[in-house]
Structure formats: structure tokens, C-alpha cells
Amino acid sequence: MSPDLPPVVPSVTAELVAALSPRLRKRLDAGVTKLLARPVVRDGDTVRIAVDDDTDVELRAPGGTVTDADAIHCGCLLAPGCLHRAAAASAAPVAEDTPAPAEATESREDTKTAAVEPDAATPGQRAAARAVFDAAAAVLEAGTDGAGAVLQAELLQAAHTARLAGLPRASAAAVSVVTGVRAARSADPAHRLTDLAGALSGALGVAHRIPHTTGPGLTGLRGTVRQPYRPDGSLRLYGLFSEPVLTTTGYAGAVTWTADADGRLYTVSDVAPGGPARATGAADRAVRVGDTALTHRELSRAGLAVSGATVSPTGRLGAGAGVRAVRASGAAWRAEPLDRLWTVPAAEQVARALGGGQDLLFLEVTLAGPVREATGDCVLADCAGLPLRLVTAHDDPALPYRDNLRLLAAAGDRRLRIVARLAPGPAPRALLLAAEHPTDPDARVDLGLDRLQHADLPKGAVAPRSRPAQAVEEAPLHLLRRRVHQAVPGGRRVLAVAGSGPGDAARLRRLGLATAGDLLDDLHAAAADRSRDPFGRLLPADTDRFARAWLAAAVYTDAVERALCAAAWGAAAPAVPVP
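Calculation criteria
- Residues numbered from 1 in each chain as written.
- Predicted model: local features only at pLDDT ≥ 70, side-chain atom pairs only at ≥ 80, totals over all residues.
- Heavy atoms only, no water.
- Pairing = 2+ DSSP bridges.
- Helix = DSSP H or I, 4+ residues; strand = E, 2+ residues; numbered from the N terminus.
- Axes fitted to C-alpha atoms, helices over the stretch in contact; angles between N-to-C directions.
- Contact = heavy atoms within 4.5 Å.
- Buried < 20%, exposed > 50% of the residue type's maximum accessible area, 1.4 Å probe, protein only.
- Polar contact = N/O pair within 3.5 Å; in protein donor to acceptor, adjacent residues only side chain to side chain.

Caption draft 1: Structural context of the sheet that holds strand β2 (residues 46-50). Spatially, β1-β2-β3-β4 is the arrangement adopted by the four strands of the open sheet, whose pairing is antiparallel. Strands at the two margins of the open sheet, each flanked by one partner only, are β1 (40-43) and β4 (72-74). When strand polarity is set aside, the average angle formed by the axes of neighbouring strands in this sheet is 20°. Pairing geometry for β1 and β2, over four bridges, is antiparallel. Considered in β2, the bridge of Asp43 is made with Thr46. Its contacts with the sheet place helix α4 (residues 83-91) against β2, β3 (56-60) and β4, and it is angled at close to 140° to β4.

Quick look at the structure:
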């Protein structure tokens, strides 16, 4: 997926891929890869991709989005039935779908039916939900490694159908799977296996439940239409901190977090192919918002006034041509408006994170010294009476996280405000990202970019010896979780070949997780189930059975993990629907 291309609505991608001949469909993935490597030029609302020295593909995006198949034009001899148009649509980000006039009429008719029968899904909605389930199941069957542009287009077509049927939640869930699959296949630094597993579980879950749900529950499953990107007018932002980005897939850079006067969080990022040097150097590069000359390091302590802002659902600021930004004054963490971020109780922040919201935690802690764990040293801290373990956010030695953590452990019985990221587990744990300076409460330290010195510690501070951490008994959910996660990149075949380890299910049952043991057995049985015809030839796999077994295991694992984490923090566990 290329962020340099304008977003394309799902129906356009699905239409162009469906129009390809079987021979061209087989070449589509290679065509996408080739197109992503070609130069891209933007001219107003038109984006051109140079296929070769003589041929361009044009994407015309009035308003910033490609909404019609005719808006993608190719100059090759095989156009309009060429591979290039479908490849361009498949390489572009996915935009919110907009029904054509005739389609909108169909949607209104379905709405009329729903008004007569408000407590049950209409036949059109049940069929659309089934299409989403089948398309998502096909992606799971193949795994991200095998879910190429054709399978993605089929899921986008199902998303478009669901939207027309009045199921925006199912539509958005299907689109999020496609976005996640593309991120995984392109080694996007934003890709997280757990996020993609959650997206697949969400799409399969909502599609599975719609035909069997009535009343208010169905209203929630239908959802409401949202714009994935929205203009946000003028913003007055205050820098919070910056963190380096360094992935195992070869991307590096920095992300700077800011907040507005109401406590809403916004990010500015600079991530590109590179290694540790780029991760540390990106902090001194100018932020990509408007024409401001502020660097990420400067913005983390200053402010920004933005006009014509565009913001993604995750709070990422757009850098389009219409965005203007100038430097403004910042604010200390203990001053308004940033002070309010630390007034929210930790349990409430954790409940928000577990419920799918922002996973940053704004905590005030008292440091209590280092302890040794199997994965390395961490710092014990007291957070309003709750024992908390603070660990490094990244282990690469080029980043100063670990050295800074050791120095903070030597700061003595200091009370500091910190910013951390929730690390779900059976004991309160968080990844330490930024902290107040040990001796200057008006200053702060970005622990992945700034380097503390011994001179920054209180006078006479001596690094204490780390002691072994008290073991935390953990339910062996990893025996089920790892199989759920293995299926996402590798598909059904990986689980069919891997099989269950000796006694995995028995161990789960022995430790009181009988349901987990049953789900693990069922998942492996569904993966290995391949019937044969009278001639001994393998019949097509039962993708429906495998998808349901995987969904049950994924929902159960997620529910138990969230409950354990919430209990550790004293937070209310979010409700998780049963598939």
C-alpha cells in the first residue's frame, strides 16, 4: 500500500479486479509490487504513476478520493481492461465507500424494510453479512502470506455490499482487515500481528452475529456511518513527548505526541526505510505538517497552531497541501491543559485501553528500585498503592531506553509523572516512554531519544543492586494464543502441519482452563479436517468450520487476557461478545 496514492473506495477496486481475465488475475500481485516501485507524481487532484517511459496510470481524485472506476485511466494498449488499473487501485489506501445514485436507492429500500422490521436483520442484511464472513474466512484460510489482491478485492466487494445493505460496522470491519493485510504484506511499520488478528476477529464476529441478533443488540451490530478521515479545522496543540520507531522489517523514524486543550491526542510521524541511525536522527528532522520548521524534538516541548487540519481515526495529523502550521508556545506537564491527562485514575485509563481506546497511560509514580526478570531488568514503582513494573519500550542498544531506565532506578524514592504504554498481563506492567526529569519537575525526558547522565540524578544517588522479581503465576493462555496468531500470517495449513504440542490441551484443563483446552482441540481438528472423494483426492477445505473454530478461540483468548489485565489494575473488564 502506498500513502502517496489517493484513497480508492472499495467498490472501485472490486470492480476493476473483477473485470480482469483469469490470466491477468494470476499476475495481479506481481503487478501491484511492480507499480509500487515506480515513481509517483502529483498534479493537483491527479496522481500519475510511470508504468514505463511511455505509459502512465492516472488516478483522478477530486476531493482527494477516487470514487469511480473511470477515474483511473491507463495509457497502455490493453486499456481499459489492462492489469495496470486494477494494480493501481489495489496499491492505493482504502477509502470510505460512497454509493452511486442507483445503489443509494437500493440502500433506501433496505432501510424502509428495516423500519418495518426493526428487531431483526433483513434478508439483504443477512446475505451481506454472510458475504463478509465468507470473504474474511477466505483470507484467514490463506493467511496474509497468501491473501493477495484478488482475495482482498473480494473482501472489499463484500464490504461495499454490506454498506449498501445498511451494515456500516461490518463494512468498516472488512475494510480494516484489507488495510491490515496490505500493511502486513508490504512490511508497513504500523503493522502489528495482534492488531490484524483483532481485525479479523472483529469482521468474522460481527458478520457471524448479525443474522442471529435482534433488538438493541442488532442496532449496535449494524453500526453507524463514519468517515475514516475528517477535516478538523483549526487545532491548538501542545507537545507531550516523542518516541523513536524501529521495526524488525527495516523501518525507522520518530512519532511525536501532542494534545489539545480538551485532552485529545494527535500524532505527527516520520517513518521510512532505515535503521537505528534514522530512528535517533529523525527526532531532529522537521515535522511534516504545513511549512513549520519545528523538529520532532522541539515539538515535543513546544506547541503547534494548525489550520485546515485533517486527522485520521487514530489521531494522526495529515500533511496535505491545504494544511498550515506555525510554532506556538508549549505547556509543562503540571500546567494546564496537559495537567488534566494525569488526573484520570489509572484504572479508568486501563479500562479505556482494554476497550479499544488509546493505550497510553499518564501516571504519577514513586520509584522503588530495579528488579531482575527473565527478559532483563525493570523498575518497580508505586502507583497510588498499586505495585507497577516499568520496562523498556525497545531493547535495541542504539536507543537509550535501557540506560535511562537504569539511571531512573538510581534516582531514589522520587515521585515522577510518566507516560507509558499498557503492556497487558497478569500483573500491572507498562512500557516506559517519557518521564519528568529526576531533579527538574519543569523538564521532561523522552527516554527513547534523550540520554540521562549521572549528573541529572539527585546528589548522592547510587544505583541500587537489582533483586530477583517475585514470580507471577500466569495462566498458560499462550498455548492457545500462539495458535490463534500463527493462523493469521500462515493460514489454515500452518495449524494443520504444526499440530498441538504434547499435552497442551491437557495442561490447559489441568490448570482449570477446560474451555481453552476444548477450543485448542477443536481448532486443530478443524485445521486438519480434509475429506477425500471416492478416488482419494482431497476435497476443498471447510473454510467455514475453520473460521468458526478460530473465531471462538480468538474471542475466548482475548476475553480472558483482558479480564486478567483489568483485575490486576483494578479496572472493569470490557464486555466481549460471544461469537
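Caption draft 2: How the structure looks around the pairing of β3. Sheet topology places β2 next to β3; five bridges connect them, and they run antiparallel. Within β3, the position partnered with Thr46 by the bridge is Arg60. Here β2 folds back onto β3, and the loop between the two strands holds five residues. Relative to β4, β3 is paired through three bridges, and the arrangement is antiparallel. What sits directly across from Glu58, in β4, is His73.

Caption draft 3: Inspection of α4 at higher detail. With respect to burial, α4 is a largely interior element, eight of its nine residues being buried. By the burial criterion, the buried members of α4 are Leu83, Arg85, Ala86, Ala87, Ala88, Ala89, Ser90 and Ala91.

Caption draft 4: Just the side chain of Arg492, in detail. One can find Arg492 in helix α16 (residues 492-498). With relative accessibility at 3%, the residue Arg492 sits in the buried group. Polar side-chain contacts of Arg492 include one of 2.7 Å to the backbone oxygen of Ala527. Contact partners of Arg492, with chain neighbours within four places excluded, come to Leu140, Glu141, Ala526, Ala527, Arg530, Ala541 and Phe546.

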